Amino acid sequence: MSAPLAERMRPKTLEDYIGQSHLVGPGAVLRQAIESGNIPSFILWGPPGVGKTTLASIIANQLQRPFHTLSAINSGVKDIRETITKAKNQQFFNRPNPILFIDEIHRFSKSQQDSLLGAVERGVVTLIGATTENPSFEVISALLSRCQVYTLQHHSKEELISLVDRALAKDELLSKKQIKVEAYDALLRYSGGDARKLLNILELVCNHPEAEIAGLTITDELVSEMIQQNIAIYDKGGEQHYDIASAFIKSIRGSDPNAAVYWLARMIEGGEDIKFIARRMIIAASEDIGLANPNALLMATTAFQAAQAVGLPEARIILSQATVYLATSPKSNSTYLAIKQAQKLVRETGNLPVPLSIRNAPTKLMRDLDYGKGYQYAHDFAGNFVEHEFLPEEIKAQKFYEPGQNPSEDKIRRSLQTNWKDKYGY
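Given the structure is predicted, the values throughout are model-derived calculations rather than measurements.

1. Some words on the overall build of the chain
From N to C terminus, the chain includes 22 helices and 7 strands. A burial count over the chain gives 44% of its 426 residues as buried. Within the chain, contacts between residues separated by at least 24 positions form 72% of all contacts whose residues are at least 6 apart in sequence. Element-wise, carbon and sulfur atoms account for 52% of the exposed surface of the chain, whose accessible area totals about 22900 Å². Put simply, the chain has 47 plus and 48 minus side-chain charges, and the middle of one group is 6 Å from the middle of the other.

Written out as structure tokens, the structure reads:
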């Protein structure tokens, strides 16, 4: 029995590797490290099926380094220590420093991650971790400080199409069949940008009886029909979780508590990590509700902590309570838009100087240079407010925050109008 198509088509060299040119293209940061033969320990962060495992394997192969693989799903501290012991033995015999690849490193507990620290710091192993979750949340700070973090991006439409064409042209089995692609849309839609899933779907379709007899033309209709008959091909392992999480957040944003609770139930029944769910609720509380109901962020943060403390199955009740609260709260994205606009202006205008009056002046020299001169302490004035210029001269009176249309921010707008008069146009 032959290996799956995704495994048969796994690239062996950087030249065959598709995508991530910002990391491994000519002159890119990781490409330079590989070519120098001196790679740091690092973590690859990106969505499923963008080549994290493949890239780690290619690096080990190109550098001719021993390659040890652990999965956070079924490996414990004992497995980590055994692997590190093997690495130390290889060092004793002057063999190349091995690479330890840990898939889904975000699933490792703190104690498991702690057990890696010494070996990584002393260079016993070069760690390559792979994760679909933000390492800032899931990797302990001590380990994170010893690793670079490289972000992998979704494959482009052109890259995914080239992957299909390459498989049909070069795979040892598919290249022997008479197969042509009339339309790619359904292949790409069902794969969701996941290269591994795309090849799984392609293999499923290419096993159609017609491919063995008179040749096969792949159409959107054919792909949809075969996928519906083999639902597991695109729901395997809960890989739909990004789509369902998106539906969950959009239901909260759309103020539909019934839909939001339904998608919450889908995630819980699908075995989704409750921390994944709760983190996205925290983001929604700030991005979509914000100052229309500031308590939403407190509710979401408390739900995150409480759900972790209680665990499933009872955590579902806490998450449901917070979900309904968020969905039924008034909505405002005013603070999200404010920081987005401010960052855009920062990128356009660069590092504008801080006005002298609001610079820190801890030394006599700084005071002699007029640092802090003319600053007025707001609490010395009635209402704890005095009009002062806090923005750089080049962008004074620039408005980023526009209060939303809701009772809470109507009150904020009136306060801003009272304090700043016509300056910002409130």
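2. Side note on the nonpolar core
By size, the foremost hydrophobic cluster in this structure holds 32 residues, and its most contacted members are Val164, Leu168, Leu199, Leu202, Val205, Ile218 and Val223. At the level of secondary structure, the elements contributing two or more residues to this core comprise α1 (5–8), α9 (157–170), β6 (179–181), α10 (185–191), α11 (195–206), β7 (216–218) and α13 (220–229). Considering every element that reaches this core, the biggest residue donor is α11, with 8 residues. Other than its neighbours up to four places away in sequence, Leu199 contacts Leu5, Ala6, Met9, Leu163 and Ala167. If you look at the next biggest cluster of nonpolar residues, it comprises 28 residues, including Ile249, Ile274, Ala278 and Ile289.

3. Notes on the side chain of Glu138
Here Glu138 shows up in helix α7 (residues 135–138). When its relative accessible area of 7% is taken as the criterion, Glu138 is described as buried. Not counting residues up to four positions away in its chain, the partners in contact with Glu138 are His106, Gln113, Glu133, Lys275 and Arg279.

4. Brief notes about the sheet that holds strand β1 (residues 42–45)
Two modes of strand pairing occur in sheets, parallel and antiparallel, and in both the strands are linked by backbone hydrogen bonds. Reading across the sheet, the 5 strands line up as β2-β3-β4-β1-β5 and stay open at both edges, with parallel pairing between neighbours. Taken across any chain shown, the strands that pair with only one partner, and hence form the sheet edges, are β2 (67–71) and β5 (148–151). The average angle at which neighbouring strand axes cross in this sheet is 20 degrees, direction not considered. Of the pairings in the sheet, the one linking β1 to β5 comprises 4 bridges and is parallel in character. Note on β5: the bridge partner recorded for Ile43 is Val149. The sheet strands contacting helix α4 (residues 52–63) are β1, β2, β3 (99–103) and β4 (126–131), and the helix crosses β3 at an angle near 175 degrees.

5. Quick look at the packing of aromatic side chains
This structure, assessed with the given rule, holds 6 aromatic pairs. Ring geometry for Phe67 against Phe101: centres 6.1 Å apart, planes inclined by 25 degrees, an arrangement best described as stacked. Of this pair, Phe67 sits in strand β2 while Phe101 sits in strand β3; the two residues are 34 residues apart in sequence, bridging distant segments of the chain. With a relative accessible area of 1%, Phe101 lands in the buried category. Look at Phe385 and Trp420: their rings are 5.0 Å apart centre to centre, the planes differ by 85 degrees, and that puts the pair in the edge-to-face class. Residue Phe385 is found in the loop between α21 (364–368) and α22 (407–420), and its partner Trp420 is found in helix α22; the two are separated by 35 residues along the sequence. Of the residues examined, Trp420 reaches a relative accessible area of 12% and is grouped as buried.

6. Topic: the pairing of β4
Burial runs high along β4: 6 of the 6 residues are buried. Residues Thr126, Ile128 and Ala130 point to one face of β4 and Leu127, Gly129 and Thr131 to the other, with burial holding for every one of them. Of the pairings in the sheet, the one linking β1 to β4 comprises 4 bridges and is parallel in character. Bridge assignment links Ile43 to a residue of β4, and that residue is Gly129. Looking at chain direction, β3 and β4 are connected through 5 bridges and run parallel. Looking at β4, one finds that Asp103 is bridged to Ala130.

7. Section: the packing of helix α17 (residues 274–289) against helix α18 (residues 295–310)
Two measures define how a pair of helices packs: the angle their axes make with one another and the distance between the axes. One way to put it is that α17 packs onto α18 with a least axis distance of 8 Å and a crossing angle of 175 degrees. Classified by the angle their axes make, α17 and α18 are roughly antiparallel. Touching Ile274, Lys275, Ala278, Arg279, Met281, Ile282, Ala285, Ser286 and Ile289 of α17 are Ala296, Leu297, Ala300, Thr301, Phe304, Ala307 and Gln308, all from α18. The residue inventory of the contact of α17 with α18, partitioned by class, reads 11 nonpolar, 3 polar and 2 charged.

8. Side note on α22
Along its 14 residues, α22 runs 20 Å from first to last C-alpha, staying within 8% of the 20 Å computed at 1.5 Å per residue. Those residues of α22 that sit buried are Glu409, Arg413, Leu416 and Trp420. Seen from one end, α22 has its buried residues packed into an arc of 65 degrees, which puts them on one side. In α22, the exposed positions angled more than 90 degrees off the buried face are occupied by Pro407, Lys411 and Thr418. Check the buried side of α22 and you find it contacts α20 (334–349).

9. Regarding the pattern of salt bridges
In total, this model carries 20 salt bridges according to the counting rule given. Of the charged contacts, one joins Glu138 and Arg279 as a salt bridge, the two residues approaching to 2.5 Å between their closest N and O atoms. Taken together, the residues span a long stretch of sequence, with Glu138 in helix α7 and Arg279 in helix α17 at a distance of 141 residues. The exposure classification of Glu138 matches that of Arg279, with both residues buried. A single network of salt bridges, built from pairs that share partners, joins Glu133, Glu138, Lys275 and Arg279.

10. Description of the environment of Thr323
By secondary structure assignment, the location of Thr323 is in helix α19 (residues 315–328). Sequence spacing of Thr323 and Leu264 is 59 residues, and the spatial spacing of their C-alpha atoms is 8.0 Å. Not counting chain neighbours up to four residues away, the residues in contact with Thr323 comprise Phe248, Ala260, Val261, Leu264 and Met281.

Criteria and cut-off values
- Residues numbered from 1 in each chain as written.
- Predicted model: local features only at pLDDT ≥ 70, side-chain atom pairs only at ≥ 80, totals over all residues.
- Heavy atoms only, no water.
- Helix = DSSP H or I, 4+ residues; strand = E, 2+ residues; numbered from the N terminus.
- Buried < 20%, exposed > 50% of the residue type's maximum accessible area, 1.4 Å probe, protein only.
- Contact = heavy atoms within 4.5 Å.
- Areas by Shrake-Rupley, 256 points an atom, 1.4 Å probe, with all protein chains shown as cover.
- Lys, Arg positive; Asp, Glu negative; His and termini not counted.
- Charge placed at Lys NZ, Arg CZ, Asp CG, Glu CD.
- Core = buried A, V, L, I, M, F, W, Y, C linked by side-chain atoms within 4.5 Å.
- Pairing = 2+ DSSP bridges.
- Axes fitted to C-alpha atoms, helices over the stretch in contact; angles between N-to-C directions.
- Phe/Tyr/Trp six-rings, centres within 6.5 Å; stacked < 30°, edge-to-face > 60°.
- Parallel < 35°, antiparallel > 145°, perpendicular 65-115°, else oblique.
- Nonpolar A, V, L, I, M, F, W, Y, C, P; charged D, E, K, R; others polar.
- Expected span 1.5 Å × (residues − 1).
- Arc of directions from axis to C-beta.
- Salt bridge = Lys/Arg side-chain N within 4 Å of Asp/Glu carboxyl O.

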